[in-house]
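# Observations on chain architecture
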Amino acid sequence: MQEQLQKLEVELREVTKNKEKLRKNLLELIEYTHMLRVTRTFVKRNVEFEPSYEEFPSLENECLLDYSCMQRLGAKLGFVSGLIQQGKVEAFEKMLWRVCKGYTIVTYAELDESLEDPETGEVIKWYVFLISFWGEQIGQKVKKICDCYHCHVYPYPNTAEERKEIQEGLSTRIQDLYTVLHKTEDYLRQVLCKAAESVYSHAVQVRKMKAIYHTLNMCSFDVTNKCLIAEVWCPEADLHELRRALEEGSRESGAAMPSFMNTIPTKETPPTLIRTNRFTEGFQNIVDAYGVGSYREVNPALFTIVTFPFLFAVMFGDFGHGFVMFLFALLLVLNEDHPRLTQSQEIMRMFFNGRYILLLMGLFSVYTGLIYNDCFSKSVNLFGSGWNVSAMYSTSHTAEEHGNMVLWNDSIVRHSRVLQLDPSVPGVFRGPYPFGIDPIWNLATNRLTFLNSFKMKMSVILGIIHMTFGVILGIFNHLHFRKKFNVYLVSVPELLFMLCIFGYLIFMIIYKWLAYSAATSREAPSILIDFINMFLFPASEASGLYPGQSGYTLVRRDSEEEVSLLGNQDIEEGSNQVEARCREMTCEEFNFGEILMTQAIHSIEYCLGCISNTASYLRLWALSLAHAQLSDVLWAMLMRVGLRVDTTFGVLLLFLVIAVFAVLTIFILLIMEGLSAFLHAIRLHWVEFQNKFYVGAGTKFVPFSFSLLSSKFSNDDSVV
């Protein structure tokens, strides 16, 4: 490859050098042609003119600078012609006058077109000049001044026949030079195209060789300086493949000493290698953006595959929007091997890399949309409503039931703007909807109040379950790293705190759902008030959810339980004094005060964090409400107006309304709202879930691979 490149370089240099010479000659000939054309009008000399001889001419009758006068004095008339740049004309003329003392006649005219400078290649305006002088000394001065001002001087013909002959020769040479230049450029283009075909392969080869030598430079020599020793990290599952590769390399290279491998025991923390495929790569990137996991630490990416799209769908729950997102992601998945997608622009490539995440987010959004019974802000009646309106009429009940229940009659139906369905009336509520929320709530005036209560409690339940699962995963980390004391002194207290307070809150929510019916719903206490009274007013006489419910009580300082606990603690401290002294002697780095402060800060942070994290999960309710309301507003402002038009051009207007509705749905509800829900789902996983067990302080295992080098080259090439 080096010989080919050197040969190509020499050939390109020669061709380029010859091309520049030909181009320079062509420009000079073009300038000469323009100069002859312009100077033809400057001087009109009569070739047949022969002056009469006088020994002493009269100075009063003719000037000293007259041609006949200078000829009688023995001076020789000469001409200097050429081209000068436009900005130097004035200074050039002044210099000639001062140096030659007026013994020159300068005539100049501007060229109509700009010409390219043969030396610099710039396209500038030029002036053609013709200098007439007498005497060789003045001619030498004129030539030096022309050189000083970088004038392009060309020979001036003495006769008209010579001028004509020179112009014919110039035109012939210019045509020949154009032909030679075209052939030279064609040949140069062929050479460059041939070289361009191998540029990518040569660049990849150079990068590979550079990477190999860079890796070899990190190796060390053995004692005999005949072998290289490399200390590398290798996955245990690939040790067999590594041995086989070393044997094949030694055999194919014909090395006198075969390569071999030994495992070295070390106390250093190995890097983290997590094998992924096309499906799991996107979810692993979400976790790695928070931090690369430590070696053998629990990887949350496995659980993120389910929890991330589910929490996104809770905030984005809409059957129609989720189905559109699912179809878009499915299209990307089915065409994932298409080269136009893999080499697309940055935004499209971002969607392509997260195609499986979008696929699951759309699928889960379809599920939660069916739960919410929300499709483009409208409910779908698939199984029939569980509410019966006809049962509210007084004619369907006995006279005894009329006094206990508020029923309808024809007068109430006609004159009331709002009618209330009472589920305590027999036959009104026939049972829950088979799947999701009953579609009749889409017509109710208190629909928003009902959905707010439902989604708020659902968000709290999902958040507490999610955080509790994170604390449980932390137990597996402690068990694997053999930190059993952390299980009993950290994880178990955290789990007890979580379950005794927030787990009890879930119990209260579910118990209230099951214990109170429509008939006793007015007697049901407020869970929020009971939960606050449980801490602030534990001795309150207010009725709770169930008999015997009471708040938390603090142990008094002079109670018998505390005295007994302190006594047991003194006994344990006295019995463990010898053991503590031994530990101080064997482990001098142990600092009890530092650990005490760290654990105290951690305890306070965890307790306050549980409260704030639980409140943070209310974003599931808030974003779900915002998405539903935005969808409802968009339907009311566009589709409802378009469907109500009843004119001749109503169909055409409806097509326009549907198009605008589709565009706004995609850009506002799918892209903007989807991005908002995506970011909030990431926050819930990073802050509320992963901080319960995941440290993310490891180092990612990046093996030596040529594929990474080639992809990096292609990215740089695309940018250029």
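For the structure itself, look to the data block above.
This text gives an overview of the structure that appears in the document. What you see is a predicted model, and the numbers here were worked out from it, not measured in a lab. Within each chain, residue numbers correspond to sequence positions counted from 1 in written order. This being a predicted model, a pLDDT of at least 70 is required before a residue's local features are given, and a value of 80 or more before pairs of side-chain atoms are given or counted; all residues contribute to the totals for chains, interfaces and linings. Hydrogens and waters are ignored; side-chain quantities use all the structure's heavy atoms.

## Looking at the nonpolar core
Definition in use: We define a nonpolar core as any set of buried Ala, Val, Leu, Ile, Met, Phe, Trp, Tyr and Cys residues linked to one another through side-chain atoms lying within 4.5 Å. Throughout this description, buried means an accessible area under 20% of the type-specific maximum (1.4 Å probe, protein chains only), exposed means over 50%, and partly exposed covers the range between. Here, two residues are considered to be in contact whenever any of their heavy atoms come within 4.5 Å of each other.
Ranked by internal contacts, the top residues of the largest apolar core, which has 57 residues, are Phe308, Phe312, Met361, Leu505 and Leu620. When sequence neighbours within four positions are dropped, the list of residues in contact with phenylalanine 312 reads Met325, Met361, Ser365, Gly674, Ala677, Phe678 and Ala681. Residues Leu26, Leu36, Leu111 and Leu177 belong to the second largest nonpolar core, which totals 18 residues.

## Brief notes about the packing of helix α9 (residues 301–315) against helix α13 (residues 355–372)
Threshold: Simply put, an axis is a line fit to the C-alpha atoms, just over the touching stretch for a helix, and the angle between two N-to-C directions goes from 0 to 180 degrees. Secondary structure elements are defined from DSSP: runs of H or I of at least 4 residues count as helices, runs of E of at least 2 residues count as strands, and each element is numbered from the N terminus. For this classification, under 35 degrees means roughly parallel, over 145 means roughly antiparallel, 65 to 115 means roughly perpendicular, and everything else is oblique. For a crossing to be left-handed, the near helix must be turned anticlockwise from the far one by less than a right angle; the clockwise case is right-handed. All amino acids are sorted into three groups, where Ala, Val, Leu, Ile, Met, Phe, Trp, Tyr, Cys and Pro are nonpolar, Asp, Glu, Lys and Arg are charged, and the leftover types, Gly among them, are polar.
The geometry of α9 relative to α13 is characterised by a closest axis approach of 8 Å and an angle of 50° between their N-to-C directions. Classed by the angle they form, the pair α9 and α13 counts as oblique. Here the hand of the crossing between α9 and α13 comes out right-handed. Contacts between α9 and α13 involve Ile305, Val306, Phe308, Pro309, Phe310, Phe312, Ala313 and Val314 from the first element and Ile357, Leu360, Met361, Phe364, Ser365, Tyr367, Thr368 and Tyr372 from the second. Of the residues in the contact of α9 with α13, the class split is 14 nonpolar, 2 polar and no charged.

## Focus: helix α5 (residues 160–197)
Here is the rule we go by: A helix's residues, less one, multiplied by 1.5 Å, set its expected span.
For α5, spanning 38 residues, the distance from its first C-alpha to its last is 55 Å, which sits close to the expected 56 Å at 1.5 Å a residue. Among all positions of α5, only Arg163, Leu170, Ile174, Leu177, Leu181, Thr184, Leu188, Val191 and Ala195 are buried. Looking at the buried residues of α5, the elements they touch are α1 (2–39) and α6 (199–217).

## A short note on the packing of aromatic side chains
To keep things clear, this is the line we draw: Only centres within 6.5 Å qualify two rings of Phe, Tyr or Trp (six-membered ring in Trp) as a pair; their planes then separate them into stacked at under 30 degrees, edge-to-face at over 60, and tilted for everything else.
All chains considered together, the criterion is met by 29 aromatic pairs. Centroid distance tryptophan 441 to phenylalanine 450: 4.0 Å. Interplanar angle 5°. Geometry classified as stacked. Relative accessible area serves as the criterion here: at 18%, tryptophan 441 is assigned to the buried category. Summarising the aromatic geometry, the rings of phenylalanine 704 and phenylalanine 706 are spaced 5.3 Å apart at their centres and angled 70° between planes, so their arrangement reads as edge-to-face.

## Here we look at a nonpolar patch on the surface
Condition: Every patch collects residues that have over 30% relative accessible area and no salt bridge, joining them within 9 Å if they carry like charges and within 5 Å if they are nonpolar side chains (Val, Leu, Ile, Met, Phe, Trp, Tyr). All accessible-area figures derive from a Shrake-Rupley calculation using a 1.4 Å probe, and residue coverage is judged against the displayed protein chains alone. Salt bridge criterion: a side-chain nitrogen from Lys or Arg within 4 Å of a carboxyl oxygen from Asp or Glu.
A surface patch of nonpolar side chains, about 1000 Å² in accessible area, is lined by Met1, Leu5, Val206, Met209, Ile212, Tyr213, Leu216, Phe221, Leu228, Phe704 and Phe706. Considering each element in turn, the nonpolar patch owes the most residues, 5 residues, to α6. Its location among the elements puts phenylalanine 221 in strand β7 (residues 220–221). Look at phenylalanine 221 and you get exposed, because its relative accessible area is 57%.

## Concerning the sheet that holds strand β6 (residues 152–154)
Quick note on the threshold: At least two DSSP bridges between two strands are needed for those strands to be called paired.
The strand order β2-β5-β1-β6 describes an open sheet built from 4 strands, whose pairing is antiparallel. Pairing within the sheet leaves two strands with one partner each, and these edge strands are β2 (104–110) and β6. Going from strand to strand, the sheet's axes swing by 25° on average, the running direction of each strand aside. Running over the sheet, α1 touches β1 (77–85), β2, β5 (126–134) and β6 and is turned about 65° from β5. Contacts from helix α3 (residues 89–100) reach β1, β2 and β5, with the element oriented near 175° to β2.

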